[in-house]
Structures are given as structure tokens and as C-alpha cells.
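Each chain, written out:
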Amino acid sequence: MSSKARELANLGNAYSDGALSNRNLIINGAMQVAQRGTSVTGLEVGQGRTCDRIGTYVNTGTWTVTQETDAPDGFGNSFKVLATAVESFGTTGQVQIFYTIEGRDLQGVAKGTPSAKEMVFSFYCKANKTGTHAIAFRDQDNSRVCTKYFTVNSTDTWEYKTIVLPADTTGAFDNDNNGSLQIEMWMNGGSNFKTGTPTGAWEVFDNAIRLGDGHTATIGDSVNDYFQITGVQLEVGDTATPFEHRSYGQELALCQRYYQFVGGQANSFPLWQSYYASGNYAVWPMPFKTEMRASPTSTIVGTWQTTRIGTLALLYVNNQGFGIGGPASSTGLIEVYPNSNDDLLTFSAEL
Amino acid sequence: MYQHLPDFKGQPAQCIKRIADNAFIPMDPANTDYQEYLEWLAEGNEPLPADTE
């Protein structure tokens, strides 16, 4: 069968599985959107985020996490983790790229029912070392896991990978706004995560099979070890289809359900301006650009320029918007505006 | 480490402050930062009292 005929046949399969458009369950799979910035350096313990929705968790060594313009043909960006200092992974060391999907977005999988469907995970990757990597697909609602493997065959070369996940008739994904499926792509890990032998099917979660005994990759054992990904797609069905490109505007709006910010522009006009009497409390309500997944964690970053107002405060926040303001220090026009690129209000409802 | 926030106009604050990054965490069970705070509380920790104005 010609490659074009094969692609059409695969799309026919996708149609049978329920979706020709919006079939990619991964938001920002092409790594285009990076609202938080394009680089995190000196990451030692915790999460590092540049490209929206894509997380990195490390607790061993020191890492730089970046959005890159290096990508395979047909893509403009990728996500990279780079080791800048190393230490032993011991028993509990971790370096993984992860992505968490809301339960509401997974109902089409019909997991936990007699009609449960397979899923296909596909992506492009590139690394400085060959080796076999574990990916643990974690059902967070039912404490189950399906651990699969892929192999980097050539160094410093973009490779395309596909992984088929079996249908699981046990344990439905909750139909809510919490995380239900977490995809953990492992670069390296401690021995406690490698003592088991995954079956390749969905099974009861156990730390011993998060990497399992099939994982051989050692990204992070040496300085300058790196791993990059882009073109990440998860779709219902048994056949990987070509990556579904969405517009930048579509991806940004989808990302803003999980993170968004206000400000970030120097010398801009006031974002909020009103006339208040001295002592009165100025409160400006502001709807979010996109309704957020949950009430977000918020921060006021930088030194905002204010006129006739004491301490600027976020007075209330929910998943639809926020109120910002403070007490008027004298009667007159009260203004609030960012005066540098670093002045931000950030809102995170990330998973 | 966390800190309570002062009442706003006579109403109890609906957020807890995370001191490390001055983040305001809403008391929403679906917020992952609030979930971490609850785990921290369950370990027997106590937030600092609110600043007095």
C-alpha cells in the first residue's frame, strides 16, 4: 500500500474510532506555547515548566528545561531537558517528562466499561544516547498503570515512535476536572522503580513497574545528556494518525484553561483606572480569558505602578475571574499598570 | 511553609499564602497546590498566623 493510501486508511480507522478532528488529547503537543517563558535553569528538585502543559519532575542532578526551535520537519518547536550536573540516581532518583489529562477529556476512551477502547501514543524524540525508555501511563482514579517501552536507536537524530495502549475494562476515568491519566516519560530513575516486570497490560499500580526491568536509558548520568520531544499525540484507536496540527490561537486558548497571565508589557496604559474617595476600597473584577480548570493559584510578580492605592492585592479569585484592588490612599483617580516586562499577575490551575 | 491571610472586609480569607513564592492558593479541592497544602497539614504542620494590619 502506498504511503498516501496508508494515511487515508489510518484516517478511516480514526473515523471509525470516533474522531477525525480534535482527536489529539494532548494540548500543545507541538510545543508552540510557552507562556511561562522559554527556559528554566538550575532545576534540582521539583517541577520545571516552559512549554505549556508539559511538566518535568526531577529530584536528582541539575537540569535546564527549554523550549527549542530545533524540531523535525513539519514542526517549529520542541521541548528539551538537559543535564548540567549529575549525581547518582540511587534508589529513588527521578527525571521524567510528564503530562496529565483531565477526566472530562477522557470519557471517549470508555475505560472501565465493556466498550473500552485502545489508545495510541505517538511522538518525535531525540537524545544524545541510545537506550530503551519506559513510559508509565497512570490511571490516577483507580491506581492502575500500563508501562510501555520505546527505544532511541540513533543519537542526535529525530525519530518517530508509536505505542498502542490496550483497552481496559477495569476502572472508569472520573468525569470531572481532576487529573485522571498521567503520562510519565522516563529519562532515568532509581532502582526502586526498576525491580518489577511490567506485563504491558493495564495492571495494579506499583512503583516497581513505573520503569520496570526493561528501562535501560541513562539520560542524566553524564553532563550534557539531553532528551527532546515534540509532535506528541494521544488518540483513541489502534492506529497512529499524522499529528493533528491546531492553530497557535487554538492551542493558546486550550492552554489558558490551566495557566494564564495578565501584564508583562512595559510602559503600557493602566489596566485599571477609577475615581475613588479616600479610604474606599477599589476593587476591579476581571474575567479570565478562558474559564480555568479550577480556582487557580495566583501570584503578583514584579513592582506594579500604582497611583493613590496602598498595597495592591488580589482580593478574590475563582475559576472564572479575579478581583484586584486595594484601599484608596486619597480621593482621586486610582490607577494600576505594569511598568516592566516582569510585572505579571499569574494564574495556575495546572495538573 | 504557609501563612493565613487576614480577613477581607470582615470575611475570612478564601486563600492560603505559600511563603516560598508569595502565591495565593485558593481553598479549592481541585487545585493541586491546595491538595499539597492539605497533605502538609495532615503531616502535623501548622501555617503561620496572618499578619496584623
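This text gives an overview of the structure that appears in the document. (Residues numbered from 1 in each chain as written. Chains lettered and ligands numbered in written order. Predicted model: local features only at pLDDT ≥ 70, side-chain atom pairs only at ≥ 80, totals over all residues. Heavy atoms only, no water.)

1. Some details on the overall build of chain A
So, step 1. Helices and strands together make up the secondary structure of chain A, namely 2 helices and 22 strands.
So, step 2. Here the C-alpha atoms of chain A give a radius of gyration of 23 Å, agreeing with the 20 Å that 2.2 N^0.38 yields for 351 residues.
So, step 3. In terms of principal-axis extent, the alpha carbons of chain A reach across some 75 × 45 × 40 Å.
So, step 4. When burial is assessed residue by residue, chain A has 54% of its 351 residues classed as buried.
So, step 5. When the accessible surface of chain A is totalled, it reaches about 14,100 Å², and 47% of it is carbon and sulfur. (Helix = DSSP H or I, 4+ residues; strand = E, 2+ residues; numbered from the N terminus. Rg over C-alpha atoms; globule rule 2.2 N^0.38 Å. Buried < 20%, exposed > 50% of the residue type's maximum accessible area, 1.4 Å probe, protein only. Areas by Shrake-Rupley, 256 points an atom, 1.4 Å probe, with all protein chains shown as cover.)

2. With respect to the interface of chain B and chain A
So, step 1. Residue-level contacts link 15 residues of chain B with 14 residues of chain A.
So, step 2. Summed over both sides, the interface of chain B with chain A buries roughly 1,100 Å², with 55% coming from carbon and sulfur.
So, step 3. Taken together, the connections running from chain B to chain A amount to 7 residue pairs in polar contact (both at pLDDT 80 or more).
So, step 4. Of all the secondary structure elements, the ones that give two or more residues to the side of chain B that touches chain A are β3 (23-26) and α1 (32-42) of chain B. (Contact = heavy atoms within 4.5 Å. Buried area = accessible area lost by both parts, 1.4 Å probe. Polar contact = N/O pair within 3.5 Å; in protein donor to acceptor, adjacent residues only side chain to side chain.)

3. What to know about the side chain of Thr64(A)
So, step 1. Inspection of the secondary structure assignment puts Thr64(A) in strand β4 (residues 62-68).
So, step 2. Once residues within four sequence positions are removed from consideration, Thr64(A) is found in contact with Ser39(A), Val40(A), Thr41(A), Gly42(A), Lys80(A), Val81(A), Leu82(A) and Thr84(A).

4. Overview of the environment of Val40(A)
All names here are of chain A.
So, step 1. Positionally, Val40 belongs in strand β1 (residues 39-43).
So, step 2. The exposure class assigned to Val40 is partly exposed, which follows from its relative accessible area of 23%.
So, step 3. Separated by 38 residues in sequence, Val40 and Ser78 have C-alpha atoms that sit 15 Å apart.
So, step 4. Those residues in contact with Val40 that lie beyond four places of it in its chain are Arg49, Thr50, Trp63, Thr64 and Val65.

5. What about unusual backbone geometry?
So, step 1. Residue Arg53(A) is not a glycine yet carries a positive backbone phi of 75°.
So, step 2. As for its placement among the helices and strands, Arg53(A) is situated in the loop between β2 (46-48) and β3 (55-58).

6. Thoughts on the pattern of salt bridges
So, step 1. Enumeration over the complete set of coordinates arrives at 17 salt bridges over all chains.
So, step 2. Note that Glu350(A) and Arg49(A) form a salt bridge whose closest N and O atoms lie 3.9 Å from each other. With Glu350(A) in the segment after β22 (344-348) and Arg49(A) in the loop between β2 and β3, the pair connects residues that are 301 residues apart, well separated along the chain.
So, step 3. For Glu350(A), a relative accessible area of 7% translates into the label buried.
So, step 4. Across the pair Arg18(B) and Asp33(B) runs a salt bridge whose closest N-O atoms are separated by 3.0 Å. Pair noted here: Arg18(B) is in strand β2 (residues 15-18) and Asp33(B) is in helix α1, with a separation of 15 residues, a long-range link.
So, step 5. A residue is classified by how much of its surface remains accessible, and Arg18(B), at 17% relative accessible area, is buried.
So, step 6. Taken together, the shared-partner salt bridges connect Arg36(A), Arg49(A), Arg53(A) and Glu350(A) into one network. (Salt bridge = Lys/Arg side-chain N within 4 Å of Asp/Glu carboxyl O.)

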